[in-house]
Amino acid sequence: EDDFQFLLCEGCQQESPNLKLLTCLHTLCLSCLSENKPIGQCPVCCTAIPQATGVPDMDNLLFTNLQARLKVYKQIVDRVDLFCDNCRKSGEFWCSECFEFLCTKCFEAHQRYLRWESHRAKRVMDIRAGSAKDFLEGIRRAGSLSCSNPDHKSQPVSIYCQRCEKALCCSCALLDNQHAPFCDIRSETQRRQEELSSMDRELRRRRSGFEASYASLQGEAARLEEAQREMRELIRQRAEQLVRLIRREEEELVGLVEARQEQGRQELARELRHVEGVLRRMEAGERLVEKMSLYATEQEVMDMQPFIKSSLLELQGLQPPATGDQAEPGPFAECRTRLQAL
């Protein structure tokens, strides 16, 4: 179960059938999105959600489908409700194409009528003896794309139309002259996966710049706090030497230091939140591309790759904020001038 914690909602850490993929590449359930305050922001990294409802349009098909597959695996391992989906007898086989349990008799009929359609049913005991990753890999190999024409869902798909960017069956490619040029669907899914991997490598390279910027901002925040403490102490020492007549000036100076420190802290906090949000988005991107490479079927790659690519391109366009190395934070310069005059 530890290997598949990534399937949980990143907000509530619970399993959910309604997982949404945000443009920041974090995955959240509908419950977390509806309870999110403020509405319109990712609760993990505070990135804006483009949709006015605060609920993204993109489902995380990979995570949702993996949950369904793992539920079947757990059902097999736990020996719970293993009944034939056709006659309710004891289920001895499971077909990854039909997503059904079969008894021995129904399995023989299944093999007789569907053997030419690459339906490969496996023994339940063989599945139980293997790992969850073996089970998922078997489904991944058996997974097939469906034609974009709803009337041809049962047709095998091997063609990709580069003009409309859809998977096609042979009937669509031959009869509809609007589709052209073509290429092999396998090469297209491989190209998309390789494109995501290439973008992931570039994202990892750029991440170091944001990590350095984040560390620098943390250092500036620490120096700001230290300078604030030193200035307060200096003001206190000088003020004790003055007569009662200038006590009011002391109070004004302390107030000014507090105001400047708070202003600087808020500015740095905003920068830190921004960079931290970008880092979390990058982590989410790296994690999602990795899981796509490990577990995604070709259908999932075709459905999700353009959306993920768009988000990764946006991340690649981001630049880490410039940070300055100052011997002493600048907000207290006015305080020092007034103190010297005093």
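The name given to the protein chain in an unreviewed UniProt entry is PML protein, with the source organism recorded as Grallaria varia.

This part is about the overall build of the protein chain. Each helix and strand counted, the protein chain has 10 helices and eight strands in total. Each of the 342 residues in the protein chain was classed as buried or not, and the buried ones make up 39%. Looking at the protein chain alone, contacts between residues at least 24 apart form 62% of all its contacts between residues at least 6 apart. Roughly 19,500 Å² of accessible area belongs to the protein chain as shown, and the carbon and sulfur atoms make up 48% of that amount.

For the rest of this paragraph, the subject is the state of the cysteines. Evaluation of the coordinates by the stated rule reveals zero disulfides. Cysteine C32 is unpaired, with the sulfur of C9 as its nearest cysteine sulfur at 3.6 Å. No disulfide involves C84; its sulfur sits 3.6 Å from the nearest other cysteine sulfur, which is in C106.

One pass over the full model with this rule turns up 19 salt bridges. A salt bridge links K20 to D59, with the shortest nitrogen-to-oxygen separation between them at 2.6 Å. Of this pair, K20 sits in strand 1 (residues 19–21) while D59 sits in the loop between helix 1 (30–35) and helix 2 (61–77), and the two are 39 residues apart along the sequence. A relative accessible area of 13% means that K20 is categorised as buried. Exposure remark for D59: the relative accessible area of 34% places this residue in the partly exposed category. Here R338 makes a salt bridge to E252, at a shortest N to O gap of 3.2 Å. Of this pair, R338 sits in helix 10 (residues 333–341) while E252 sits in helix 8 (residues 247–295); the two residues are 86 residues apart in sequence, bridging distant segments of the chain. Take R338: its relative accessible area is 28%, and that puts it in the partly exposed class. E252 gets classed as partly exposed once you look at its relative accessible area, which sits at 41%. Here the salt bridges do not stand alone but share partners, grouping D200, R204, R207, E211, E283 and E286 into one network.

Reading the values: the criteria
Residues numbered from 1 in each chain as written. Predicted model: local features only at pLDDT ≥ 70, side-chain atom pairs only at ≥ 80, totals over all residues. Heavy atoms only, no water. Helix = DSSP H or I, 4+ residues; strand = E, 2+ residues; numbered from the N terminus. Buried < 20%, exposed > 50% of the residue type's maximum accessible area, 1.4 Å probe, protein only. Contact = heavy atoms within 4.5 Å. Areas by Shrake-Rupley, 256 points an atom, 1.4 Å probe, with all protein chains shown as cover. Disulfide = S-S within 2.5 Å. Salt bridge = Lys/Arg side-chain N within 4 Å of Asp/Glu carboxyl O.

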